[in-house]
Amino acid sequence: MAETSDGVMSDIQPPLAMLAELTHRCPLQCPYCSNPIALSRRTDELTTDEWIDVIRQAAALGVLQVHLSGGEPTARKDLAEIIAGARSSGLYTNLITAGVLLTRERLAALVIAGLDHVQLSIQDSDPVNADRIGNYRSGHARKMLVADWVREAGLPLTINAVVHRQNLDRLKEIITLASSLDAHRLEIAHVQYHGWALKNRAALMPTHDQVQAATATVEAAQDRYRGKMAIDYVVPDYYARRPKRCMDGWGSQFFAVSPRGHVLPCHAAESIDGMTFSSVREHPLDWIWRYDDAFNRFRGIDWMSEPCRSCPHRYRDLGGCRCQAFALTGDAAATDPTCEFSPHHEALVALAADDAGSGAPRYRYRRYEQTAVSERSMVSGVR
């Protein structure tokens, strides 16, 4: 990449958004959790002042939006202070939450601090199955209350619905529920099978018929709710012929900061064994974005080998998902197996069919206390 006279990488554009993963703590135990296998302990999390400084650096770098996530970000008692810090830096703040730890009073305090938007996750339209998926009693009922409080506060609401074999047949009802909650936007995302979700793939993989029906349902709903509720749809990779442009390109417009301060080109990047990521405790954010090896490893197209290097689609999909390539081939630089030109593609399609026909195995629930690893343990190799 070209450098200017002062050593700045000239062809790297500033990022637009930062995902601040404030904590890995979460009261839900979702079997498709997208956090890394080894979670950060509370004692390793960035402090309030550290998070506010990271947010200030992000604004100076060019970030316009900060998405506050986790785990469950409302597990942090200092959330209002962090939101106030983001507001003072001029950033748009979006809270991504399961909602079950919120009260009306606490939400009001977050709004006063400067909260601009809420994304609320739901597991199903059916309360019993929703609570079973998250393994949290009465969680669905609490989420419905939180949606009411968001509406009372005058904030825009996005509903996040992660879909899979065990809730996909109620997609119409999920869409209707989101509309009844006055959601401005609904994100319907099929499970991405890396990290913890990979352990539950056989329990979650939809059938091909389910995917086709779901796509038709979404397309009809997008027409029906046009101008009332935007509906975004993330298709399942395992039944695709072409890979998606992951995060609009590795290190292109987005970065995530983990609870202990590691800066990631993708929120799931820590699932790639052998990659190391710089910490905001060791380097300025601007330096990490421009010079860190992890960010430059898969930027653009120069890293590609065949068949990607000569593919006419390489500028469109930028090679697809690196985390998925690693999860399925053991090589993060391999062609994303969802691509029809990958030598692993046919095996992937067969694997999806096998998993989808495997019945409904019991979930392996994600329990924070069983998978949290301290920074000291990770450095020493102790598990």
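Residues numbered from 1 in each chain as written. Predicted model: local features only at pLDDT ≥ 70, side-chain atom pairs only at ≥ 80, totals over all residues. Heavy atoms only, no water.

## Topic: the overall build of the protein chain
Per the secondary structure count, the protein chain includes 16 helices and 11 strands. The globule rule puts the C-alpha radius of gyration for 383 residues at 21 Å, and the 20 Å found for the protein chain is close to it. Along the first, second and third principal axes, the C-alpha set of the protein chain runs to 60 × 50 × 50 Å. Burial statistics for the protein chain: of 383 residues in total, 55% are counted as buried. (Helix = DSSP H or I, 4+ residues; strand = E, 2+ residues; numbered from the N terminus. Rg over C-alpha atoms; globule rule 2.2 N^0.38 Å. Buried < 20%, exposed > 50% of the residue type's maximum accessible area, 1.4 Å probe, protein only.)

## Brief notes about unusual backbone geometry
The step from G70 to G71 runs through a cis peptide bond, and the omega angle for that step is 15°. Along the polypeptide, G71 turns up in the loop between β3 (65–69) and α2 (79–88). Of the consecutive residues E306 and P307, the connecting peptide bond is found in the cis state with omega at 5°. The topology assignment puts P307 in the loop between α11 (293–297) and α12 (314–317). Even without being a glycine, N135 presents a positive backbone phi close to 55°. Take N135: it is sitting in the loop between α4 (127–134) and α5 (139–153). In this structure, D182 takes a positive phi of about 60° despite not being glycine. Position of D182 relative to the elements: it lies in the loop between α6 (171–180) and β7 (185–190). Owing to a relative accessible area of 45%, D182 belongs among the partly exposed residues under this scheme.

## Comments concerning the environment of D293
Relative to the helices and strands, D293 is located in helix α11. For D293, a relative accessible area of 48% gives the class partly exposed. Measuring from C-alpha to C-alpha, the distance between D293 and T329 comes to 22 Å, with 36 residues separating the pair along the chain. Side chain to side chain, D293 and R297 meet in a polar contact 2.7 Å long. (Polar contact = N/O pair within 3.5 Å; in protein donor to acceptor, adjacent residues only side chain to side chain.)

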